[in-house]
Structure formats: structure tokens, C-alpha cells
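Results of the structural survey
Here is what each chain is made of, one letter per residue.
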Amino acid sequence: VGANCINMGSCTMIQFAVGGKLKSAISGGDQTKHLSLQQEMTCGIIAGTTSGLVGSPLELIMIQQQRKGGGVATRLGEILQHPVNITRGFVGCAIREALWTCGYLSIPPVVRRTLMETYPTTFDTNDKARVPAALLGGLFACYLTHPFDTIKT
């Protein structure tokens, strides 16, 4: 449970921090500037991949605990007997986190803005456009990340 809490918390913080810094850099610090879909997706992909550097080793420890039992220190010691083992599952984790981060940080702002511009009478406020934008981002994240999560595990 402890490793899972650390994993979820640290990965989410990394995703928000890296994604926010990248968006700020691309927009030149102008918070009123809208990023293109490509720019939003690039920020999400980089932020998610970066969080995989932390998440992948933590998930490896959790999986080894599930398979073999024992505590974090025991499983980590066993993994580090062959240091290259710490990279096991990184590619799958990085792809999963990149797609997941796009789904919850990159897709919704673009969809929300597009709905408000295309259907201004229906989506006349941010709040009205947020729900369908979040649902679409969630579907994107869930369906595209699931295969990579299964392969990684």
C-alpha cells in the first residue's frame, strides 16, 4: 500500500509539474495563449514519460511484493542484485503514463475550447464544456493505456 501511495502521488505531482512547466515554456508564460492539440499532446507525452522514471521502479517493487511477498526493502534488495532489473517494464510504463497524462491533462482543454468555439450556444460556459471534455479525455486515457499496462505487468 505504501509503495502504491508513493507511486500515485509522486507520478501525479511530476506530471502536473512537468506538464505545467512545458506549457508555460511553449506559451512564453502567457496564460491566455491557447496551445494547439499537438503542443498539448507533446506536453502530456513528455510529462507522462518523465513520471515513468519514478513510477516504473516503484511498480516493479509492488509487482515483486505481490508475486513473492515480503517488504519493500527485501524486494528492492533482490532487484538491485542485478541493477539492470530496475529498468524492467520502463517502456510499457512510460507509454502508459504518456497516454494517461494526455488523457487527463492534454485532451480536455482542447476539447473544451473546441466545443465552446464550435457550439457557443450549447457550451456557453467553461463548466458546461468541462464534463464532455473530461469524459472524452477519460475514454482516451482508459482505452489506450490498458494494453500497455497489461503488457508492462
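This structure is a prediction, so every number in the text was calculated from the model and none was measured.

A closer look at the packing of helix α2 (residues 37–68) against helix α4 (residues 90–118)
Their axes nearest at 6 Å, the elements α2 and α4 cross at an angle of 140°. Taken as axis vectors, α2 and α4 run oblique relative to one another. Two packed elements cross with a definite hand, and for α2 against α4 that hand is right-handed. Split into classes, the residues belonging to the contact of α2 with α4 amount to 14 nonpolar, nine polar and four charged.

A closer look at the pattern of salt bridges
With the rule as written, the count across this model stands at eight salt bridges. Here R96 and E59 are joined by a salt bridge, their closest N and O atoms 2.5 Å apart. Highlighted residues: R96 in helix α4 and E59 in helix α2, separated in sequence by 37 residues. Note on R96: relative accessible area 8%, which makes it buried. A salt bridge links K68 to E78, with the shortest nitrogen-to-oxygen separation between them at 2.8 Å. Of this pair, K68 sits in helix α2 while E78 sits in helix α3 (residues 72–79); the two residues are ten residues apart in sequence, bridging distant segments of the chain. On the accessibility criterion, E78 (27% relative accessible area) is partly exposed. Within the structure, one salt-bridge network assembled from shared partners comprises E59, R96, E97 and D149.

Structural notes on the nonpolar core
M41, C102, I107, V111, L115, F123, A129 and A133 form the largest nonpolar core, which has eight residues in total. Listing elements by their share of this core, those giving two or more residues are α4 and α5 (126–152). Per element, the largest residue contribution to this core is four residues, and it comes from α4.

Some thoughts on the packing of α4 against α5
One way to put it is that α4 packs onto α5 with a least axis distance of 7 Å and a crossing angle of 160°. Looking at the two axes, α4 sits roughly antiparallel to α5. The crossing of α4 and α5 is right-handed. Split into classes, the residues belonging to the contact of α4 with α5 amount to 20 nonpolar, six polar and five charged.

Considering α5
Taking 1.5 Å of rise per residue, 27 residues should cover 39 Å, and α5 covers 37 Å from first to last C-alpha, within 8% of that figure. The sharpest bend along α5 comes to roughly 35°, located at T145, with the proline P147 sitting one to four residues further on. Buried within α5 are the following residues: A129, A133, G137, A141, T145 and K152.

Conventions adopted
Residues numbered from 1 in each chain as written. Predicted model: local features only at pLDDT ≥ 70, side-chain atom pairs only at ≥ 80, totals over all residues. Heavy atoms only, no water. Axes fitted to C-alpha atoms, helices over the stretch in contact; angles between N-to-C directions. Helix = DSSP H or I, 4+ residues; strand = E, 2+ residues; numbered from the N terminus. Parallel < 35°, antiparallel > 145°, perpendicular 65-115°, else oblique. Left-handed = near helix turned anticlockwise from the far one by under 90°. Nonpolar A, V, L, I, M, F, W, Y, C, P; charged D, E, K, R; others polar. Salt bridge = Lys/Arg side-chain N within 4 Å of Asp/Glu carboxyl O. Buried < 20%, exposed > 50% of the residue type's maximum accessible area, 1.4 Å probe, protein only. Core = buried A, V, L, I, M, F, W, Y, C linked by side-chain atoms within 4.5 Å. Expected span 1.5 Å × (residues − 1). Bend = angle between axes of the 7 residues up to and from the residue.

Interpretation note: all reported values are geometric properties and have no functional meaning in isolation.
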